[in-house]
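Here is how the chains run, residue by residue.
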Amino acid sequence: MQLCFFPGCNTPAIRPDVERAIRASLPVLGIEVVDADNYVCCPAFGSFPSADEEAWMATSGWNLSIAEQKGCDFVVQCGSCYSSLRMGREHLVHDAEKLAHVNELLEPTGRQVTGKSKVRHISEVLFRGIGPEKIASKLKKSLRGLHGVVQYPCHTLFPSEIVGFEESPRAPEGLRRLVEALGAAVDGYSRELQCCGGAGGFMKSSPEQALEFAKTKFDAILEETKADFIAVSCITCLMHMERVQNIFNEQLGEERYRIPVFDYNQLLALCLGFDPKEVSAIANVPRDSVISRLADEEKLRYLEDTKKFVEVW
Amino acid sequence: MDLQEGSIKDLWKDIYHTGNLHYCFNCSTCISGCPASHGEPPLLVRNLARKVILGLEEDLLMDDTPWACVSCSRCEEMCPMNVMPFEMILSIRQWQCRNDETLIPSAIVEIYKRGYTQAVGVNTELRESLGLPQLNTITNNPEQLELFREMLMKTQVVSDNDYMFKG
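What counts and how
- Residues numbered from 1 in each chain as written.
- Chains lettered and ligands numbered in written order.
- Predicted model: local features only at pLDDT ≥ 70, side-chain atom pairs only at ≥ 80, totals over all residues.
- Heavy atoms only, no water.
- Contact = heavy atoms within 4.5 Å.
- Buried area = accessible area lost by both parts, 1.4 Å probe.
- Salt bridge = Lys/Arg side-chain N within 4 Å of Asp/Glu carboxyl O.
- Polar contact = N/O pair within 3.5 Å; in protein donor to acceptor, adjacent residues only side chain to side chain.
- Axes fitted to C-alpha atoms, helices over the stretch in contact; angles between N-to-C directions.
- Helix = DSSP H or I, 4+ residues; strand = E, 2+ residues; numbered from the N terminus.
- Parallel < 35°, antiparallel > 145°, perpendicular 65-115°, else oblique.
- Nonpolar A, V, L, I, M, F, W, Y, C, P; charged D, E, K, R; others polar.
- Left-handed = near helix turned anticlockwise from the far one by under 90°.
- Buried < 20%, exposed > 50% of the residue type's maximum accessible area, 1.4 Å probe, protein only.
- Pairing = 2+ DSSP bridges.
- Phe/Tyr/Trp six-rings, centres within 6.5 Å; stacked < 30°, edge-to-face > 60°.
- Lys NZ or Arg CZ within 6 Å of the ring centre and 35° of its normal.

A. Spotlight on the interface of chain A and chain B. Counting from both sides, the interface comprises 63 residues of chain A and, opposite them, 54 residues of chain B. Summing both sides of the interface, chain A and chain B together bury roughly 4900 Å²; the carbon and sulfur share of this comes to 64%. The largest per-residue losses of area from chain A upon contact with chain B belong to N38, F48 and F158 of chain A, which jointly make up 12% of the total buried on that side. Here chain A and chain B share two salt bridges between them. Across the pair E77 of chain B and R170 of chain A runs a salt bridge whose closest N-O atoms are separated by 3.2 Å. At the junction of chain A with chain B, the criterion picks out 24 residue pairs in polar contact (both at pLDDT 80 or more).

As structure tokens, then:
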């Protein structure tokens, strides 16, 4: 299967290690990654969608036309990109007038949009398209013995009619099942579905309250779980959940909050045997506590098989 | 406050033209679970709906709480009357921008100029060190960037405020 990778802005510019992890692991799972040449901003909700619907739709149309031209669907990691592209496509395919107008705007650029390419979130591709079982069968290393918690990207849950792929957006399971496929135990906790709070203007307009809001989540993780790591599937969650821990520690004057945060694709790429210096190169909260404890799955499998053989014999 | 029927009707049509808005009965579901409702001042989505319905134009134009929204869309999911509050927030921002150009987010100027809100495609050394290919970005493709700009120049927010995008 071919999928057109929509990188967004933050991932290629600030966290290219996540992009490396995606480009490394998808082909191992049978997905050919096609580049979105000349893509532009999704557009971010704080940009055109907040200023002018016409320019929002035109920008969405520009991007969607790229996947359509390549003849495949988009795969997106960033939650905001995913939701913005999904909403843009939704507006266009359900409103013939809007679609016609966007095509008028696109025409001089040599582009066209019909809505034939869909927009898929990478966690949906991994969970529904490939499946935890197949992922588990490909591992060279694993997270056996480690505990994790998961952070579902809001933009893959709500509004479920437009972005959703879970049976219930109130009780999502995709990310948990994907982390479990890597061998880790996933601990549930009371604030699992609380937003990270990192997108939009909240952190800018009310930094004190936004930090307090995020802290309630981290305190719940510390009090209620044995988490060795946090697995996210959105670039904003990743950057924000690292950043706030460092701010908490600075304010406290002690290293109380230091739970490594990984994009799921990074954990996956590590377990597929890729070099941490490439797929997990940039960490604002140290990750050695997890990377040094990756289990050698090939060796463990060999030992288990030998044991079974001896028992049978 | 002008409570003449005409002005009330006109404002919601101008801001958020959907009949469902009038089904809002202030239940506050949109506030429970909203991260920005913890802000100072808090984002109170149902109050915004009320301001639109009642046509409180001046009050709404001065209100910067819609910009605190984190776009998590919980309100969109949970609203029992299908008001689609997140889309309403975006519509309020758009209306504010139409009436006060100083509110137009600078991000759209960046997108016009280089295609992205971040400097995508310039961190070549870092990308190389990670074994990543260089991206075929629009920033590095002047011909495509010009076509993109020409397209945007035909949209209202860019053409009405073209001075922001030049130079």
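That shown, we press on.
B. Main features of the packing of helix α11 (residues 207–224) of chain A against helix α12 (residues 235–252) of chain A. Residues and elements named next belong to chain A. Where α11 contacts α12, the axes come no closer than 10 Å and their chain directions differ by 100°. The angle between α11 and α12 places the two elements in the roughly perpendicular class. Facing L211, A214, K215, K217 and F218 of α11, the residues of α12 in contact are M241, V244, Q245, I247, F248 and Q251. Its residues placed into classes, the contact of α11 with α12 shows seven nonpolar, two polar and two charged.

C. Main features of the packing of helix α2 (residues 16–28) of chain A against helix α13 (residues 264–271) of chain A. All names here are of chain A. Between α2 and α13, the least distance of the axes is 8 Å, while the angle of their chain directions is 50°. The pairing of α2 with α13 is recorded here as oblique in orientation. Judged by the sense of rotation from one axis to the other, the crossing of α2 with α13 is left-handed. Contact residues: D17, V18, A21, I22 and S25 in α2; N265, Q266, L268 and A269 in α13. Looking at the contact of α2 with α13, its residues break down into five nonpolar, three polar and one charged.

D. Quick peek at the pattern of salt bridges. Residues and elements named next belong to chain A. Using the criterion set out here, one finds 23 salt bridges over all chains in the structure. With its nearest N and O atoms 2.5 Å apart, the salt bridge here joins R144 to E297. Placement of R144 in the loop between β5 (141–142) and β6 (147–151) and of E297 in helix α16 (residues 297–312) is noted, with a sequence separation of 153 residues between them. For R144, the salt bridge goes to E304, with nearest N and O atoms at 3.1 Å. Of the two residues, R144 is situated in the loop between β5 and β6 and E304 in helix α16; the sequence distance between them amounts to 160 residues.

E. How the structure looks around unusual backbone geometry. Residue P159 of chain A is bonded to the preceding F158 of chain A through a cis peptide linkage, with omega at -10°. Structurally, the position occupied by P159 of chain A is in the loop between β6 and α8 (160–163). Residues E40 of chain B and P41 of chain B are joined by a peptide bond in cis, for which omega reads 0°. Mapping P41 of chain B onto the fold places it in the loop between α1 (5–15) and α2 (45–54). With phi around 70°, S73 of chain B is a residue other than glycine that occupies positive phi space. Along the chain, S73 of chain B turns up in the loop between α3 (57–62) and α4 (74–78).

F. Main features of the environment of K118 of chain A. Residue and element names in this part refer to chain A. With respect to the helices, strands and loops of the structure, K118 is situated in the loop between α5 (96–106) and β4 (119–121). Owing to a relative accessible area of 46%, K118 belongs among the partly exposed residues under this scheme. The residues contacting K118, other than those within four sequence positions of it, are D73, F74 and R89.

G. Geometry of the pairing of strand β1 (residues 2–6) of chain A. Residues and elements named next belong to chain A. In terms of burial, β1 is largely enclosed, as four of its five residues are buried. Sheet topology note: the β1/strand β2 (residues 32–35) ladder contains four bridges and is parallel. For L3, the partnering residue across the bridge sits in β2 and is V33. Pairing geometry for β1 and strand β3 (residues 73–76), over four bridges, is parallel. When the bridges of β3 are listed, L3 appears paired with D73.

H. Structural view of the packing of aromatic side chains. All names here are of chain A. According to the stated counting rule, one finds eleven aromatic pairs over all chains in the structure shown. Their ring planes at 75° and their centres at 6.0 Å tell us that F218 and F248 sit as a pair that is edge-to-face. Of this pair, F218 sits in helix α11 while F248 sits in helix α12, and the two are 30 residues apart along the sequence. The same class applies to F218 as to F248, namely buried. The ring centre of W62 lies 3.8 Å from the NZ or CZ of R111, which sits over that ring.

I. The arrangement of the sheet that holds β6 of chain A in detail. Residues and elements named next belong to chain A. Strand order in the open sheet formed by four strands is β7-β6-β8-β9, and the pairing between neighbours is parallel. Two strands lie at the open edges of the sheet, namely β7 (185–186) and β9 (261–263), each paired on one side alone. In terms of strand pairing, β6 meets strand β8 (residues 229–232) through four bridges, oriented parallel. Bridging from a neighbouring strand, V149 pairs with I230 of β8.

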